[in-house]
There are 2 protein chains.
Amino acid sequence: MRLLIVEDEKRLALSLARGLTAEGFAVDVVHDGLEGLHRAAEGAYDLVVLDIMLPGMNGYRVCAALRAAGHDVPILMLTAKDGEYDEAEGLDTGADDYLTKPFSYVVLVARVKALLRRRGTGVGSSVRTLGPLRVDTGARRVLHGETEVPLTTKEFAVLEQLVVRAGEVVSKAEILEHVWDFAYEGDPNIVEVYVSTLRKKLGAELIRTVRGAGYRLEAPR
Amino acid sequence: MRLLIVEDEKRLALSLARGLTAEGFAVDVVHDGLEGLHRAAEGAYDLVVLDIMLPGMNGYRVCAALRAAGHDVPILMLTAKDGEYDEAEGLDTGADDYLTKPFSYVVLVARVKALLRRRGTGVGSSVRTLGPLRVDTGARRVLHGETEVPLTTKEFAVLEQLVVRAGEVVSKAEILEHVWDFAYEGDPNIVEVYVSTLRKKLGAELIRTVRGAGYRLEAPR
DNA sequence: CTTCCACGATGAGCAGGCGCATGGGGGCCA
DNA sequence: TGGCCCCCATGCGCCTGCTCATCGTGGAAG
């Protein structure tokens, strides 16, 4: 389950991302409205958390532009209380829900889950079966045959990326971008490390290395 | 999936071409605006990456000219940050998206893919069938009949060039430019070497030599 | 028809890089 | 404070990419 957070207050963005990641979501963060629009328009997210006051392009316009372009991704708007912006306006532009700052963290999580549930992309209901593997994205559980395989958060996130694009080659850069922060400037070796542990836990033949290109999760034919 | 990069900074152009090639795109590079216009007008590209500051003819005019001539190829503009040129102007002339220098490489790739996806020319699902051969760009996979043929990155890139222009004669110089770098200064014999290994893996009759001109991938009739 | 030459094909070999495994340190949570 | 997870560093092995040398072959000229 992939979330995009568009929020320029770095501290807030960071804590939201942390919390939601801990909840088992794959979270990307951008700090600029226009950038947010572009990322969301790629269509790879299940939900967008969108602040209104943003540099580059404000949240209303981002939201309106997304809807105009035909994207129906659920949008949860974050509005400041100071009255300059109006909640109704947010809903008019096509947001699905809004939250007034300051809000409690549990409320946010609840709203996010509620929106996802409302969409039928049920939080607990996306189960993919790939050969001997069953991946339950909502419950963050993985079954290999009959036995459950315990995975850490990061391990699961990496696996989720591969599962979502099963059969395609996913580059290490893309995995880094999705699982870690897209602005992550670390050693791509991390990805190799996690792939390694995944193979150890799930069997070596599931994840194929495509040298010079990335990894590919074998889809059963 | 064929891209044209119009960018006069040779170093930047080179690194972009490298990366995008590694992503599985067939990339051409030109360093001059007018030249870029001509190539793009030929209509053989799926997307154009267009710098604004260019010798010969600036990016706005190239873009405008293309649109005026009725071409709707997606255009991704590269703008310098110095403020002399305006982002809005770029979008006004008919560009589909823009990116402000300096940009990270992953962002560029994401935008390129997003644009292509938006156009419906699915990035991950371009499968071409040529007689007994099936080439899947997204999965970086080649099937010869029922069996999968493992190819290295370079082998795949050379094959892709030939596949994209199946039935046509492709010169060695062109293959060099596409698969290697524009300014590659090595032994042209490399191409022969790779054609040789491809023949070994895929069967000798698939790639015909046209003496003095290049190679031609036999298209099924 | 023969001969010669230039272009192309192919195999061997080398160097560098990519991917993998492993161990250790640091931080967060119980 | 202890344990687990995450990240980083290092070393190693194999594969890939490329060069070079040799052999094959097509085509034109005599």
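If you're wondering where the values come from, they're calculated on a predicted model, not measured in any experiment.

Brief notes about the packing of helix α6 (residues 153–164) of chain B against helix α7 (residues 172–179) of chain B
All names here are of chain B. Contact geometry of α6 with α7 gives a least axis separation of 10 Å together with a crossing angle of 125°. The orientation of α6 relative to α7 falls into the category oblique. Crossing of α6 against α7: the hand is right-handed. Of the residues in α7, those touching α6 at Lys154, Ala157, Val158, Gln161 and Leu162 are Ile175, His178 and Val179.

Re the pattern of salt bridges
All names here are of chain A. Within this structure, the stated rule accounts for 20 salt bridges over all chains. Residue arginine 39 pairs with aspartate 28 through a salt bridge whose shortest N-O separation is 3.2 Å. Pair noted here: arginine 39 is in helix α2 (residues 33–41) and aspartate 28 is in strand β2 (residues 26–30), with a separation of eleven residues, a long-range link. Here arginine 39 falls in the buried class, since its relative accessible area comes to 3%. Salt-bridge contacts for glutamate 192 lead to lysine 172; the nearest nitrogen and oxygen are separated by 2.8 Å.

Concerning the protein's contact with DNA strand C
Taken together, 22 residues surround DNA strand C, and among them Lys172(A), Arg199(A), Tyr215(A), Thr209(B) and Tyr215(B) come closest. Put simply, 68% of the atoms of DNA strand C that lie within 4 Å of the protein are in sugar or phosphate. Contact between DNA strand C and Ser196(A): a phosphate oxygen at 2.7 Å from a side-chain N or O atom of the residue. At 2.5 Å, a side-chain N or O of Tyr215(A) approaches a phosphate oxygen of DNA strand C. Of all the secondary structure elements, the ones that give two or more residues to the surface near DNA strand C are α8 (189–202) of chain A together with α8 (189–202) of chain B.

With respect to the sheet that holds strand β11 (residues 207–210) of chain B
Strand pairing in a sheet relies on backbone hydrogen bonds. The paired strands run either parallel or antiparallel. Residues and elements named next belong to chain B. Overall, antiparallel pairing links the three strands, which are arranged β10-β12-β11 in an open sheet. With one partner strand each, in any of the chains shown, β10 (169–170) and β11 form the two edges of the open sheet. Two strands pair when backbone bridges link them, and β10 and strand β12 (residues 214–217) are joined in this way by two bridges, in the antiparallel orientation. Counted as the bridge partner of valine 170 is tyrosine 215 from β12. Packing of α8 onto the sheet brings it into contact with β11 and β12, and relative to β11 it is tilted by some 145°.

Comments concerning the nonpolar core
Note that soluble globular proteins tend to have their nonpolar side chains buried in a common cluster. Among the nonpolar cores identified, the biggest contains 26 residues, and Leu133(B), Val142(B), Leu159(B), Leu162(B), Ile175(B), Trp180(B) and Ile207(B) are the most heavily contacted of them. For this core, the elements supplying multiple residues, two or more each, are β7 (133–136), α6, α7, α8 and β12 of chain B. The greatest single-element share of this core, amounting to six residues, is contributed by α6(B). If sequence neighbours within four positions are ignored, Trp180(B) has contacts with Lys154(B), Val158(B), Ile175(B), Ile190(B), Val191(B) and Tyr194(B). Ranked by size, the runner-up nonpolar core spans 25 residues in total, among them Val149(A), Leu176(A), Ile190(A) and Ile207(A).

As for the pairing of strand β1 (residues 2–6) of chain A
All names here are of chain A. Among the five residues in β1, five count as buried, and that is most of the element. Burial of β1 is two-sided: the residues Arg2, Leu4 and Val6 facing one way and the residues Leu3 and Ile5 facing the other way are all buried. Bridging between β1 and strand β3 (residues 47–51) involves four bridges; their strand directions are parallel. By the bridge assignment, isoleucine 5 is partnered in β3 with valine 49.

With respect to the UniProt feature "modified residue: 4-aspartylphosphate" (unreviewed entry) in chain A
All names here are of chain A. UniProt records the feature "modified residue: 4-aspartylphosphate" (unreviewed entry) at Asp51, using the numbering of this structure. Locating aspartate 51 in the fold gives a position in strand β3. Filtering out sequence-adjacent residues up to four positions away, aspartate 51 remains in contact with Val6, Glu7, Asp8, Gly59, Leu78 and Lys101.

Side note on the packing of helix α6 (residues 153–164) of chain A against α8(A)
Residue and element names in this part refer to chain A. For the pair α6 and α8, the least separation of the axes is 10 Å and the interaxial angle reads 90°. Between α6 and α8, the angle is such that the two are roughly perpendicular. Touching Lys154, Glu155, Val158 and Leu159 of α6 are Tyr194, Thr197, Leu198, Lys201 and Leu202, all from α8.

Overview of the pairing of strand β3 (residues 47–51) of chain B
Residues and elements named next belong to chain B. In terms of burial, β3 is a largely internal element, five of the five residues being buried. Alternating positions in β3 separate into two faces, Leu47, Val49 and Asp51 on one and Val48 and Leu50 on the other, with burial throughout. Here β3 pairs with strand β4 (residues 75–79) via four bridges, running parallel. The partner of aspartate 51 across the bridge, within β4, is leucine 78.

Brief notes about the sheet that holds strand β10 (residues 169–170) of chain A
All names here are of chain A. Spatially, β10-β12-β11 is the arrangement adopted by the three strands of the open sheet, whose pairing is antiparallel. If you trace the sheet from one side to the other, it starts and ends with β10 and β11 (207–210), each paired once. Along the sheet, α8 makes contact with β11 and β12 (214–217), crossing β11 at roughly 145°.

Digging into the confidence of the model for chain A
All names here are of chain A. The predicted model of chain A has a mean per-residue pLDDT of 79, with 81% of residues at 70 or higher. Ranking the elements of chain A by mean pLDDT puts helix α4 (residues 87–92) last, at 56, and α8 first, at 94. In the predicted structure, residues 120–125 sits below a pLDDT of 50 and forms 13 contacts with residues beyond four places in sequence or in another chain.

Examining α2(A)
Most of α2(A) sits inside the fold, with seven of its nine residues counted as buried. Its side-chain oxygen 2.8 Å from the backbone nitrogen of Leu34(A), Asp32(A) forms the N-cap of α2(A).

About the cut-offs
- Residues numbered from 1 in each chain as written.
- Chains lettered and ligands numbered in written order.
- Predicted model: local features only at pLDDT ≥ 70, side-chain atom pairs only at ≥ 80, totals over all residues.
- Heavy atoms only, no water.
- Axes fitted to C-alpha atoms, helices over the stretch in contact; angles between N-to-C directions.
- Helix = DSSP H or I, 4+ residues; strand = E, 2+ residues; numbered from the N terminus.
- Parallel < 35°, antiparallel > 145°, perpendicular 65-115°, else oblique.
- Left-handed = near helix turned anticlockwise from the far one by under 90°.
- Contact = heavy atoms within 4.5 Å.
- Salt bridge = Lys/Arg side-chain N within 4 Å of Asp/Glu carboxyl O.
- Buried < 20%, exposed > 50% of the residue type's maximum accessible area, 1.4 Å probe, protein only.
- Near = heavy atom within 4 Å.
- Polar contact = N/O pair within 3.5 Å; in protein donor to acceptor, adjacent residues only side chain to side chain.
- Pairing = 2+ DSSP bridges.
- Core = buried A, V, L, I, M, F, W, Y, C linked by side-chain atoms within 4.5 Å.
- UniProt positions renumbered as here; feature names shortened; annotations may be inferred.
- pLDDT = per-residue confidence, 0-100.

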